[in-house]
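Reading the structure
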Amino acid sequence: MEDVEANHGSKFSHGRVPFEVKLLESGGQLPWSKKHSFKVAPQDNYEIEELSFTRSVSVSSSHFCDLEYEEDNNWLESTKEEQKDVQSPDPVKVDRIREQPTPLPAKPRKSRISVMLLDQGLLTVYKRLFVICLALNIAALILSATGNFPYARRKAALFSIGNIFGLTACRSEVVLRAVFWAVVKIMGRPWVPLCLKTTTTSFLQCLGGVHSGCGVSSVAWLIYALIRTLKDRQNTSQEIIALSSTILSLLCLSSLAAFPLVRHIHHNVFERTHRFAGWAALALLWAFVVLNISYNPNSKAYDDIKLSTLTKEQEFWFTLAITILIILPWVTIRRVPVRITAPSDHASIIKFEGGVKAGILGRISPSPLSEWHAFGIISNGKDDHLMLAGAVGDFTKSLVSNPPSHLWVRQLHFAGLPYLVNMYDRVVLVATGSGICVFLSFLLQPCSANICLVWVAKNIEQNFGKEIKAMVSGYSKDKVIVHDTALLGRPNVSEMSVDAANRWGAQVVIVTSNPEGSRDVVNACKDAGIPAFGPIWDS
């Protein structure tokens, strides 16, 4: 198949329509002009047959990446698909493409929790990294407890602090931005084996497993250190014991708040507990390190509280590194003016000044100490950038109903799975609903990878607006495949993805959808022998 070069024009310009639809009884108008959304047909040489399509009515979406809509307050329950055809007095007759992917039959939907935690399998990369990290720490702990690891026996608190440093680094936007940049620069070369690229992608996507493993391990080491301290309490102080116990309590609280069920049902509770408990633990950790290093068991006093003494100990440097990694993103916070438009009640488009590189994500907040929300960034890399926010929670709904003039942002943007597109030569990007936002920049600015985009959404122009629609216009039918479920029904996205990957000769498929959709696409592609990646519950 011939490579199709992208049209890298302005995102506000309209190119040629990337497909042809023959309207039999509509006066020769295209779907855009009749307020319909559209589909870009990816195949050639179709047999055409006349068919009437009628619109369907659905309830509002609680998750804008979903293909099916469900009630907001029932997102943890298995829901039944409700579809009701409404006959139009003069239905629009359009041509049907015989070879389009087979539509999926209606089926009960599983809860997101079950899909995210149970249906992904027992041997995912995330879980492997968690087990490996925890197993190494437990092995070292056992060796220490049995007297076969004297250093760890003497420095148990250091191992706990080291794990805290590891979990902080895995979530540091500074570290991740640098690591992703270095990986793309080094491994994005043609001579690097594909298997090495996909292995690296899996590892970077699942760093949350290391984060969680280090979190549990830090608690285990601190418990061990506290037990040893209590057994030798004559050589320590009550202040050190009290600090150790309080830090342990805060780490346990933070870990419990991050438990998947709590995290997804009460996300704000998780976020605030994780943040404030972490900050409190860090402040107490500094006190613990200073007192523990300077305490003299002979005089029962803190005799040597000097910087020169502190800098000789590893605990000091690990704690300093943790502090720097935590503080850096916060010093980049700014309150900036924004322009917010709402094409529909389902989504808002937030505009900021300044161009951003493709594959980068950003965080915004109405109150920086309260909550932060991450979104994919749409930009041509020049003048400005956009975020497309589906109206799901209280904050994103308020952007539609009561748009603010200013928002808090972290000027230090972070890299995620989409950034790794630059590591490959030919990639298929699959998105449903508002998940398209993380991929549009690859159409609007030059990209080292040759990409094919598959987008499945409902009422595209009505829900996302003409500006977003224009961004996917002007490309060949092989490069951009758009399926409007309101006009063409719910497709088999997995089959569409595999077909697109085979036609495009893709090295990898990257999908952004709801948990069930991402899982199905990834599994279908892997069954077809095509490496595929999608967001996991703790990406």
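Residues numbered from 1 in each chain as written. Predicted model: local features only at pLDDT ≥ 70, side-chain atom pairs only at ≥ 80, totals over all residues. Heavy atoms only, no water.

Some thoughts on the side chain of asparagine 463
Stated formally: Secondary structure elements are taken from DSSP: a helix is a run of H or I of four residues or more, a strand is a run of E of two residues or more, and numbering for both begins at the N terminus. Think of it in three bands: with a 1.4 Å probe and only protein chains considered, a residue is buried below 20% of the maximum accessible area for its type, exposed above 50%, and partly exposed in between. In the analysis that follows, any N or O atom pair within 3.5 Å is treated as a polar contact, provided that within protein one partner can donate a hydrogen and the other can accept it, and provided that, for residues neighboring in sequence, both atoms belong to side chains.
Looking at where asparagine 463 falls in the secondary structure, it is placed in helix α15 (residues 460–471). On the basis of relative accessible area, asparagine 463 is assigned to the buried category, the value being 6%. A polar side-chain atom of asparagine 463 sits 2.8 Å from the main-chain carbonyl oxygen of lysine 458.

Remarks on the pairing of strand β15 (residues 426–432)
Stated formally: Think of it this way: DSSP has to see at least two bridges between two strands before they count as a pair.
Counted residue by residue, β15 has 7 buried out of 7 residues, so it is predominantly covered. Residues of β15 alternate between two faces, with Arg426, Val428, Val430 and Thr432 on one and Val427, Leu429 and Ala431 on the opposite face, all of them buried. Across 7 bridges, the pairing between β15 and strand β16 (residues 450–457) is parallel. When the sheet's bridge partners are listed, threonine 432 is paired in β16 with valine 456. Where β15 lies against strand β18 (residues 508–512), 5 bridges are found, and the strand directions are parallel. In the sheet register, alanine 431 faces β18, and the bridge partner there is threonine 512.

Examining the pattern of salt bridges
Inclusion rule: Salt bridges, as used here, are contacts in which a Lys or Arg side-chain nitrogen is within 4 Å of a carboxyl oxygen on Asp or Glu.
Tallied over the full model, the rule gives 9 salt bridges. Residue lysine 469 is joined to glutamate 461 by a salt bridge in which the shortest nitrogen-to-oxygen separation is 3.0 Å. Given the relative accessible area of 7%, lysine 469 is considered buried. What you see here is one network of salt bridges that share partners, running through Lys155, Glu313 and Glu315.

A short note on the packing of aromatic side chains
Each pair of aromatic rings is reported with the distance of its centres and the angle of its planes. Here is the rule: Aromatic rings from Phe, Tyr and Trp, taking only the six-membered ring of Trp, are treated as a pair when their centres fall within 6.5 Å; an angle between ring planes under 30 degrees marks them as stacked, one over 60 as edge-to-face, and anything in between as tilted.
Within the structure shown, the criterion is met by 12 aromatic pairs. Consider the rings of phenylalanine 149 and phenylalanine 159, whose centres lie 5.7 Å apart with planes at 85°: the pair is edge-to-face. Of this pair, phenylalanine 149 sits in the loop between α2 (125–145) and α3 (150–154) while phenylalanine 159 sits in helix α4 (residues 156–171), and the two are 10 residues apart along the sequence. Relative accessible area serves as the criterion here: at 26%, phenylalanine 149 is assigned to the partly exposed category.

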